[in-house]
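Coordinate analysis (summary)
These are the residues of each chain, in order.
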Amino acid sequence: MITNVELLNTQIFQDFPPEDLDRIIHGLTEKNFHPNETIIYRGDPGYSLFLILGGTVEVTLINDEGIEYTINTQTQGDNFGEMALMTGEPRSANVKAVTEVRLAELHQDVFFELIAEHPKLGDAFLRQLAQRRGKTLMRQQFADLERSEIIANLFAQQPPSVDCFLGKTKWISDVNNSIKRLSAIDSHVLVLGERGTGKDLAARFIHFNGPSKSRPLFHLDCANPPPIQRESGTDKSGEKDELLLEIAQESALFGHSADAGSYARGIRKGYLELAEGGAVVLENIDSLTAHLQLHLIQYLKEGTFVRAGETERISSRTRLISTASGTFENLKTQGGLEPELLSLVSGEILLMKPLRERKKDIPVLADHLVQEYNKKFSKNVTGFSEEALNSLVDHDWPLNMDEMQQVLERAVVIADGDTITEKQVFMNPPTFSETGKFNLLKIPFFRHVADYPFFPEALRFVTVPFIFGLIILTLVGPPQRNPANLIVWAIWWPFLIFSILVGARSWCGFCPMPALSEWLNRKRSNFYPLPAFLVKYGSWIGISGFALILVAEHVTHMFTEARATSVLLLSILIGTTATNVLFGKRSWCKHFCPLGRMVADSSAISIVELGSNSNVCSSQCQTHDCIKDGNCPMGIHPSAAAVSKDCILCLSCLKRCRHQSVRLNVRFPWYEFFVKEKWNEAEGIFAVTLTALVLAIKLPSIRPLAQFAEQHMWSNHAVNDFVVSVMIGMVFIFLVLAASGVLSGESWKKNFAVLGSSYLFLAFAGFFNIYFHELVYHGHNFLPWIVEMSGFGATVPREWITPELGTLKVMVPLITLAGSIASLLLLSRLARKHSIPPFVRKGHQGILLVTTLVFLVIS
């Protein structure tokens, strides 16, 4: 039974005296629903309001792909269904119970009776809607207005937050002057422009800057009108049934009587009637059905219309502001609009320019949007870095303001300081396509694993004790013949490198190194800001650190010296902990980690990528849960992850995406190279440098070079190894630059960027073989060394516990050949695609072939 206390807890009745609630309770119907039970469906007839007495409900919609997504969540004290209560229109969304839910249903007839007896109810209802919809002009005495006037003021469009278009180009001045002129006259207006150019905003400016601004402005998307029944009327192709579309358009625009058809449950006033003296915006007017176009022509010529199901003509004086994409000539020639209707609605024409044609307006618009999103998300972002602002201006914005709003809202959400950086501006999302890819999440097993709350984070229960155990054993165990040291170089490193090919940067998702700093930071929320120069040059620090580590491994003989290995592991652990403690979670991983940089730059050849359906993200997502509140540890959006080096495949975005937009795709390992359009010389640096490092590490071990160094250079072997390695690496890089044309002209940068990237397959094969070689030639010592360390070496015969790994030796040259073939094929394809001169292509092919032969010799 509904009680007075429960009503006092609702927004509408919270200020009512208890004695007035007894009569109101008798007009309510109590209803109960179980979790996941649907309360109302979109398209259901609606003549009532629901008050939530207990529990939580979700307001949802289903998109064209059949995916249900949440647009609002309401709890105890909230209400839903006010539009249906006032107008009798069908429900515009689905509502389902999340928990056990108790509702009080208030029917329309009872509501109007209660209004007459309790005027405070009307005031409370208006006050709540004013707060919810931001309609400060609606606070009027309910009883003094006719019902149509109430509906018009409640549900009409509201004035925009600004009174003109922002910018500093001449076009902005011209369009604002045009809007000022159009606001002063009564002519119908046709606004033309691409998607996102502000056509609807222009329509609102025209209305609210004119003498009729106190009158209502209604908006109808002719391509997607309010439904007139449950949307089951679709044909086999999935397109909306033409008849249902026509009925919905007619019902919204002209209204209908109670006898209009099975969909009608009462009289519905159309927008042309409700907007009397005001205006109606017809978005996508070219989507009106042929019958409705004729109906509209008659209204525009006579000023009267007939509701569906009636015969009496209704007079209405309403201005039409129509919008359409494309040009006026296209509307005339494509036949979407009746010529007479086009002539009638285009008494005045306003053309909207796309952002790419008014670049100077972009900084002004960006600053305005940032301030708006600061308020929405309680942030204090003051501006953009120079690189970020340049990237905004350089972008062509194919979706115009629709795209800019998405990009900047996400940037503000993930901004961790007062300035938005270039890495926080996600643009050029890949067009969603299944070409050359397969979404692993379509397989139930992978979907189940990905949705598991503790995957892959739970793998740290293995990796953390593993790495700490290795550090301790290499530090206190035998200096040589140490099984922990063998695990590092013969097992862990080959596994880590191989994981790049099959899982991109997934190792970083459960890397044990950040664990200590995260435990120390578990109760902290404030960190030092990362110095700007470290952000700018962090990737170069990571690459340099990786090169230094790779050379140090061989100069200090880490493969056999356990103490040197422990120093390396401790150094990385200390660097990770110190950086994360000072600058916050994952700051080491984002900017400095040498291993992370190697994994990130190598991930371009991975057969796995994380991405999203950018169409779903841009059209349906309003919450940004996948990146909000630090949900993505690397601060990127899944729509940018497929072409980013920074995604660690932690799957947090996948778990938090309500629209199932995130994809975990299997792809060809060369896919990323073929879809890349913009290159710079930094693109080829890593692949060429890694190849040079492999040569620099392995070539000095060849006897002739080693003997030459001993006879003609320093007596210190470590110094000799280091100097020779540096010289070899520098010579190789110079040869690649020369082949790219560095000595002949400026085009070398493009040549180096494109063709240098093709070295990655061969470099990866040579790099992997360095550690795979350790497994093949020394892995058989693992068990014997464990027995020796435990003191049973004299008891257990060595041959009993020594596995035969010799058959794996054949894999080393095969891996090299596979990498070489992939690099050569990629080089040829990229050279053709980007019109690289033949002499440059042949020069790089020669270097790759010679390098392959050297790799085969030194393996």
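It should be noted that the structure appears before, not after, this text.
First things first, this report covers the structure right here in the doc.

The rules behind the values
Residues numbered from 1 in each chain as written. Predicted model: local features only at pLDDT ≥ 70, side-chain atom pairs only at ≥ 80, totals over all residues. Heavy atoms only, no water. Helix = DSSP H or I, 4+ residues; strand = E, 2+ residues; numbered from the N terminus. Buried < 20%, exposed > 50% of the residue type's maximum accessible area, 1.4 Å probe, protein only. Contact = heavy atoms within 4.5 Å. Areas by Shrake-Rupley, 256 points an atom, 1.4 Å probe, with all protein chains shown as cover. Salt bridge = Lys/Arg side-chain N within 4 Å of Asp/Glu carboxyl O. Phe/Tyr/Trp six-rings, centres within 6.5 Å; stacked < 30°, edge-to-face > 60°. Lys NZ or Arg CZ within 6 Å of the ring centre and 35° of its normal. 1 Å grid on protein atoms, 1.4 Å probe; cavity = no way out; pocket = protein on both sides within 12 Å on 5 of 7 lines; lining within 4 Å. Points joined across faces, edges and corners; volume = space filled by probe spheres on them. Nonpolar A, V, L, I, M, F, W, Y, C, P; charged D, E, K, R; others polar. Expected span 1.5 Å × (residues − 1). Bend = angle between axes of the 7 residues up to and from the residue. Pairing = 2+ DSSP bridges. Axes fitted to C-alpha atoms, helices over the stretch in contact; angles between N-to-C directions. Polar contact = N/O pair within 3.5 Å; in protein donor to acceptor, adjacent residues only side chain to side chain.

The next subject is the overall build of the chain. When its secondary structure is counted, the chain shows 36 helices and 22 strands. Across the 859 residues that make up the chain, the buried fraction comes to 52%. In the chain, the proportion of contacts linking residues at least 24 apart, taken out of those at least 6 apart, comes to 77%. With the model as given, the accessible surface of the chain reaches about 39600 Å², and the carbon-plus-sulfur share is 58%.

A separate point is the pattern of salt bridges. One pass over the full model with this rule turns up 24 salt bridges. Here K359 makes a salt bridge to D396, at a shortest N to O gap of 3.6 Å. Taken together, the residues span a long stretch of sequence, with K359 in the loop between β17 (348–351) and α14 (362–377) and D396 in the loop between α15 (386–394) and α16 (400–414) at a distance of 37 residues. A residue is classified by how much of its surface remains accessible, and D396, at 46% relative accessible area, is partly exposed. Here R667 makes a salt bridge to E609, at a shortest N to O gap of 2.9 Å.

Let's shift gears to the packing of aromatic side chains. In total, this model carries 28 aromatic pairs according to the counting rule given. A ring pair is formed by F732 and Y759, whose centres lie 6.3 Å apart and whose planes are at 80°; its orientation type is edge-to-face. Remark: Y759 occurs in the loop between α32 (748–757) and α33 (760–778) and F732 occurs in helix α31 (residues 717–740); sequence separation between them is 27 residues. Overall, the relative accessible area of 6% leaves F732 in the buried class. Put simply, the rings of F466, W489, W492, W493, F495, W507, F510, F546, F559, F686, F767 and Y771 pair up and form one aromatic cluster. Here R522 stacks its cationic end above the ring of W519, 4.4 Å away from the centre of that ring. The residue whose ring lies beneath R829 is F674, and the NZ or CZ to ring-centre distance is 4.3 Å.

Our next topic: empty space enclosed by the protein. Where empty space is left can be seen by rolling a probe of water-molecule size over the atoms. Counted by the stated rule, this structure contains eight cavities of 30 Å³ or more. There is about 140 Å³ of room inside the largest cavity. For the largest cavity, the lining is made up of 16 residues, of which W507, C511, C593, L595 and G596 are closest to its centre. Elements represented by at least two residues in the lining of the largest cavity include exactly α22 (562–583), α23 (587–591) and α24 (594–602). Residue composition of the lining of the largest cavity, grouped by class: 12 nonpolar, two polar and two charged.

Here the focus is unusual backbone geometry. Residue P456 follows F455 across a cis peptide bond; omega there is 5°. Positive phi values are uncommon outside glycine, yet S378 reaches one of about 55°. Judged by its relative accessible area of 67%, S378 falls in the exposed class. The backbone phi angle of L649 is positive, close to 55°, even though this residue is not glycine.

Now for α33. Over its 19 residues, α33 runs 27 Å from end to end, which matches the ideal 27 Å to within 8%, given 1.5 Å per residue. Of all the bends in α33, the greatest, near 30°, is centred on I770. α33 sits mainly inside the fold: 16 of its 19 residues count as buried.

We now examine the sheet that holds strand β22 (residues 662–667). Backbone-to-backbone hydrogen bonds pair the strands of a sheet. The strands run either parallel or antiparallel. Read across the sheet, three strands follow the order β20-β22-β21 without closing on themselves; strand pairing throughout is antiparallel. Edge positions in the open sheet fall to β20 (437–439) and β21 (608–612), since each of these has one partner strand only. Going across the sheet, the axis of each strand differs from the next one's by a mean of 40°, ignoring polarity. Sheet analysis places β21 next to β22, joined by five bridges and oriented antiparallel. Within β22, the residue paired with E609 across the bridge is N665.

In this fold, Q249 is placed in helix α9 (residues 242–254). Among the polar contacts made by the side chain of Q249, one reaches the main-chain carbonyl oxygen of C222 at a distance of 2.7 Å. Among the polar contacts made by the side chain of Q249, one reaches the main-chain carbonyl oxygen of S287 at a distance of 3.1 Å. If we ignore the near neighbours within four places in the chain, the residues touching Q249 are C222, P225, S287, L288, T289 and L292.

Burial analysis of β22 places five of its six residues in the buried class, the great majority of the element. Looking at chain direction, β20 and β22 are connected through three bridges and run antiparallel. Residue K437 lies in a different strand from β22, and its bridge partner there is R667.

Here we come to the side chain of E250. One can find E250 in helix α9. Once residues lying within four places of it in the same chain are set aside, the contact partners of E250 are G255, L292, H295 and A308.

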